[in-house]
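Examining the three-dimensional arrangement
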Amino acid sequence: MTRSQIRDRILSALNESTSAPVFWSTAQLDTVIAEASEVLAEEAKAIRRSALVSRQAGAIYYFTRGIAPDVMAITRIWLPDQSKRLTAVTLAELDAQNTTWATVTGDPEYWFPISWDCFGIYPHPAASGGVLRMDYLAWPRTLLDDDDEPEFREADHDSLVMYGIYDGLLKRWDVPR
């Protein structure tokens, strides 16, 4: 379903004219569809992507914005050249294992979250070379054109329509419906 088809289905369900709606502008509906896409991506964890990041000498911490602009959350980290998956741990677990973990170099074995946009690897590489493959949950791509289709499965497009309908009913203060 395209963005214009989603918009028309929302308007039809709200008994609005698809050519000249009373309560909505096209820009408002497009904003609601974009918001619905973000909510669906966040709640359903529906969009997964991968990115490659080169390992840098001495780099312990990585920021998600440096990996890709659409990173919502890192789910797995791999060393593709060694066919090895890094184990997720907490800082407390690292401290319990080795209080001087930040000084240890070598091939990474673990990764740990620092904040919503930063994570670290342990041990950190002493020399540059190789890559880390990040598997992550992603924010949806922006629909730029009326002929663009959301990247969700076709079955999930109805969720975008329902979100728009509920938002429209709230805008009209039609709470019972």
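Attention here is on the structure that accompanies the text. (Residues numbered from 1 in each chain as written. Predicted model: local features only at pLDDT ≥ 70, side-chain atom pairs only at ≥ 80, totals over all residues. Heavy atoms only, no water.)

Here we look at the overall build of the protein
In terms of regular secondary structure, the protein is built from four helices and eight strands. Overall, the protein shows an N-to-C arrangement of helices and strands of α-α-β-β-β-β-β-α-β-β-β-α. Taking 16 Å as the expected radius of gyration for a compact globule of 177 residues, we find that the protein reaches 22 Å, considerably beyond that expectation. Overall, the C-alpha framework of the protein stretches about 65 × 30 × 25 Å when taken along its three principal axes. Put simply, the protein has 177 residues, and 39% of those count as buried. A sequence separation of at least 24 residues applies to 68% of the contacts in the protein between residues at least 6 apart. Carbon and sulfur atoms make up 53% of the accessible area of the protein, which amounts to about 9,900 Å² in all. A distance of 3 Å separates the average location of the 17 positive side-chain charges in the protein from that of its 26 negative side-chain charges. (Helix = DSSP H or I, 4+ residues; strand = E, 2+ residues; numbered from the N terminus. Rg over C-alpha atoms; globule rule 2.2 N^0.38 Å. Buried < 20%, exposed > 50% of the residue type's maximum accessible area, 1.4 Å probe, protein only. Contact = heavy atoms within 4.5 Å. Areas by Shrake-Rupley, 256 points an atom, 1.4 Å probe, with all protein chains shown as cover. Lys, Arg positive; Asp, Glu negative; His and termini not counted. Charge placed at Lys NZ, Arg CZ, Asp CG, Glu CD.)

What to know about the sheet that holds strand E8 (residues 131–138)
Across the sheet, which stays open at both edges, the four strands sit in the order E1-E8-E3-E4 with antiparallel pairing between neighbours. Every other strand in the sheet has two partners, leaving strand E1 (48–54) and strand E4 (84–85) as the edge strands with one partner each. Relative to E4, strand E3 (residues 71–79) runs antiparallel, the two being bridged by two bridges. In the sheet register, tryptophan 78 faces E4, and the bridge partner there is arginine 85. (Pairing = 2+ DSSP bridges.)

Thoughts on the environment of arginine 133
By the element assignment, arginine 133 lies in strand E8. In sequence terms arginine 133 and aspartate 30 are 103 residues apart; their C-alpha atoms lie 34 Å from each other. For arginine 133, the residues in contact, after removing those within four places along its chain, are Ser50, Ala51, Leu52, Arg76, Ile77, Trp78 and Pro80. Among the polar contacts listed, one links the side chain of arginine 133 to the side chain of aspartate 135, at a separation of 2.9 Å. (Polar contact = N/O pair within 3.5 Å; in protein donor to acceptor, adjacent residues only side chain to side chain.)

Things to note about the packing of aromatic side chains
Two measures describe an aromatic ring pair: the distance that separates the ring centres and the angle between the ring planes. The tally for this structure, following the rule as stated, stands at six aromatic pairs. Geometrically, the ring pair formed by tyrosine 61 and phenylalanine 112 is edge-to-face, given 6.4 Å between the ring centres and 90° between the ring planes. Taken together, the positions of tyrosine 61 in strand E2 (residues 61–63) and phenylalanine 112 in strand E6 (residues 110–115) put the pair 51 residues apart, joining distant regions of the chain. Relative accessible area serves as the criterion here: at 0%, phenylalanine 112 is assigned to the buried category. Ring centres of tyrosine 110 and tyrosine 122 lie 6.0 Å apart, and the angle between their planes is 20°; on these two criteria the pair is classed as stacked. Highlighted residues: tyrosine 110 in strand E6 and tyrosine 122 in strand E7 (residues 118–122), separated in sequence by 12 residues. (Phe/Tyr/Trp six-rings, centres within 6.5 Å; stacked < 30°, edge-to-face > 60°.)

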